[in-house]
Amino acid sequence: MSVYLQCLSHTPLVGHVDPAPEVLAEVDAVVREARQRIARFAPELVILFSPDHYNGFFYDLMPSFCIGMAAHAIGDYGTAAGPLDVPRELAEACAAAVLEAGVDVAVSYRMQVDHGFAQPLELLLGGLECCPVIPVFVNAVAAPLPSFQRARLLGEAIGRFTRGLDRRVLLLASGGLSHQPPVPELAKVDARMAERLLGGGRNLPADERAARQQRVIDAARAFVEDPHSLHPLNPEWDQAFLDLLVGGRVAELDRLSNADLSRLAGRSTHEVKTWVAAFAALSACGPYRAEARYYRPIPEWIAGFGALSARPVGQADA
Ligand SMILES: O=C(O)CCc1cccc(O)c1O
Ligand SMILES: [Fe+2]
C-alpha cells in the first residue's frame, strides 16, 4: 500500500466573512496545490479525521472517537449536503482493528457530519462522494475531551490497519489551529441552549439554523475589529505545533493537558487532535517527510489557518 497525508484547517466563514483578496488568493493556491498532489496520488480510500460542532454529536451520548459505517453531511453554512461514500465493510474492519488494538472507539451506522467533514472533501476531492471515505470523528468541543495521547493512539491503530490494505490511502485531517469561535459550553449556558446540546439541536429548523450561523458570522466581524472580543489566535503556538509534526515529535504533545491547550490557544484548538491522529497514522507506516507547510492567522475566519502534507520517506512523488 501507499499512503499520503494532508492536514488542512477548516472554516465555515469562507464566503461569509472573507480576508483581503491577496490572502484569499494565497489560500486558494494552497488548496489548489494540495488538490493537485492528491489527484496525482489518486487515492482509492480516504480516512478523514474531523471534529463536529454540535451538529451530529450531542451530550445525550458523546463518544471521544467514532468511526462512521455510513454518514451524511447536513450542509451547514452552504457546504455540501448528502451522503458520503463510506465503504461499509472496510469501515467495520477498521473499527474492529482499532478496538483490537485497545482503543475503545464508538461506531455509528447513521453518522451526521457538518462542515468539518464536508469542507475538506469538497475542497480537496471535489465532493462528498468522489472517493470512498471512512469518517473518523474526534470530539474537540464537548468537555470532557480525549487527551492528545489518546488521539495519537487512535491514529496509530488506524495507521496499522491501513498498512495491511493493498490500496492507496489518503489520510486527511480537518480543523484547527488556534481559535475559539463562539461554541456553547454546557456548564455555562441557559436551559434552552443546554437542551440543544443534549440533542435537541439535531436537525435544527431553517430559521434557527440561520440564527445560529449568523451569531458566528457576527462574532467573526467583531473579531476583525477587536482581536480581544474572542480568545486571541496564537501564531507562536501554531508554528511550534507544526514544528513538532514536521519533526516527527507528535508524542511530545502527550504532556500537554487539555486545560493548558485551551488557555494557550483557545478552546477549539483541540481540533488539532485530528492532525495528531493523522500524523500518528502515517508514522505507523514508517518514517515520513513533511512538505507544503502553510500558516497564516486569519481573524476573518476565526482561524489560525494552516496546511501540512506528508508522505513516507522513500515513497516517490505522486
Ligand atoms: O459553527 C460553529 O459552531 C463553529 C464554526 C467555526 C468557526 C471558525 C472556525 C471553525 O473551525 C469552526 O468550526
Ligand atoms: Fe471547527
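Looking at an unreviewed UniProt entry, one finds the protein named 2,3-dihydroxyphenylpropionate/2,3-dihydroxicinnamic acid 1,2-dioxygenase, with Geopseudomonas sagittaria as its source organism. According to UniProt, the comment filed for the protein under the heading Sequence similarities (unreviewed entry) is "Belongs to the LigB/MhpB extradiol dioxygenase family." Its UniProt record gives the protein a comment under Subunit (unreviewed entry), which states: "Homotetramer."

A. The arrangement of the pairing of strand β1 (residues 2–8) in detail. In terms of residue burial, β1 counts as a mostly covered element, since seven of its seven residues are buried. Pairing geometry for β1 and strand β9 (residues 168–174), over seven bridges, is parallel. Paired with C7 across the strands is A173, a residue of β9. Inspection of the sheet shows β1 paired to strand β11 (residues 303–312) by four bridges, in the antiparallel sense.

B. Molecular detail of the site of ligand 1. In the vicinity of ligand 1, the residues found are H10, P12, H53, Y77, H115, H179, P181, R212, E271, W301 and I302. One nitrogen or oxygen atom from the side chain of H10 is found 3.0 Å from an oxygen atom belonging to ligand 1. Here the residues of the shell around ligand 1 sort into five nonpolar, four polar and two charged.

C. Region of interest: the coordination of the iron ion (ligand 2). On the protein side, the iron ion (ligand 2) has H10 (NE2), H53 (NE2) and E271 (OE) as donor atoms, found 2.1 Å from it. Between consecutive donors of the iron ion (ligand 2), the numbers of intervening residues give the motif H-x42-H-x217-E. Of this pair, H10 sits in the loop between β1 and α1 (21–41) while E271 sits in the loop between α8 (258–265) and α9 (273–283), and the two are 261 residues apart along the sequence. Each member of the pair, H10 together with E271, is buried.

D. Main features of the sheet that holds strand β10 (residues 288–298). Pairing is mixed in the open sheet, where eight strands are placed in the order β6-β3-β8-β2-β9-β1-β11-β10. Either end of the sheet is taken by a strand with one partner, and the two such strands are β6 (106–108) and β10. This sheet shows a mean twist of 15° between the axes of neighbouring strands, independent of strand direction. As paired elements, strand β3 (residues 65–68) and β6 share three bridges and run parallel to each other. Bridge pairing in β6 links G68 to S108. Packing against the sheet, helix α2 (residues 88–100) makes contact with β2 (45–50), β3, β6 and β8 (133–138), and its axis sits at approximately 155° to β3. Each of β1, β2, β8 and β9 touches helix α3 (residues 115–125); the most contacted strand, β2, lies at about 140° to it.

E. Main features of the UniProt feature "active site" (unreviewed entry) in the protein. Per the UniProt record, the feature "active site" (unreviewed entry) sits at H115 and H179. Within the secondary structure, H115 sits in helix α3. Classification of H115 by relative accessible area gives buried; the value is 4%. Residue contacts for H115: discarding those within four places in its chain leaves H10, P12, H53, D76, Y77, T79 and P120. Here the side chain of H115 touches D76 through a polar contact of 2.7 Å, side chain to side chain. Residue placement: H179 occurs in the loop between β9 and α5 (191–200). Once you skip the residues sitting within four places of it in the chain, H179 turns out to touch L233, A265, G266, R267, S268, T269, E271, I302, A303 and G304. Within polar-contact distance, the side chain of H179 engages the backbone oxygen of L177 at 2.7 Å.

Parameters at a glance
Residues numbered from 1 in each chain as written. Chains lettered and ligands numbered in written order. Predicted model: local features only at pLDDT ≥ 70, side-chain atom pairs only at ≥ 80, totals over all residues. Heavy atoms only, no water. UniProt positions renumbered as here; feature names shortened; annotations may be inferred. Buried < 20%, exposed > 50% of the residue type's maximum accessible area, 1.4 Å probe, protein only. Helix = DSSP H or I, 4+ residues; strand = E, 2+ residues; numbered from the N terminus. Pairing = 2+ DSSP bridges. Near = heavy atom within 4 Å. Polar contact = N/O pair within 3.5 Å; in protein donor to acceptor, adjacent residues only side chain to side chain. Nonpolar A, V, L, I, M, F, W, Y, C, P; charged D, E, K, R; others polar. Donors = N, O, S within 2.8 Å, 3.2 Å for Na, K, Ca; no water. Axes fitted to C-alpha atoms, helices over the stretch in contact; angles between N-to-C directions. Contact = heavy atoms within 4.5 Å.

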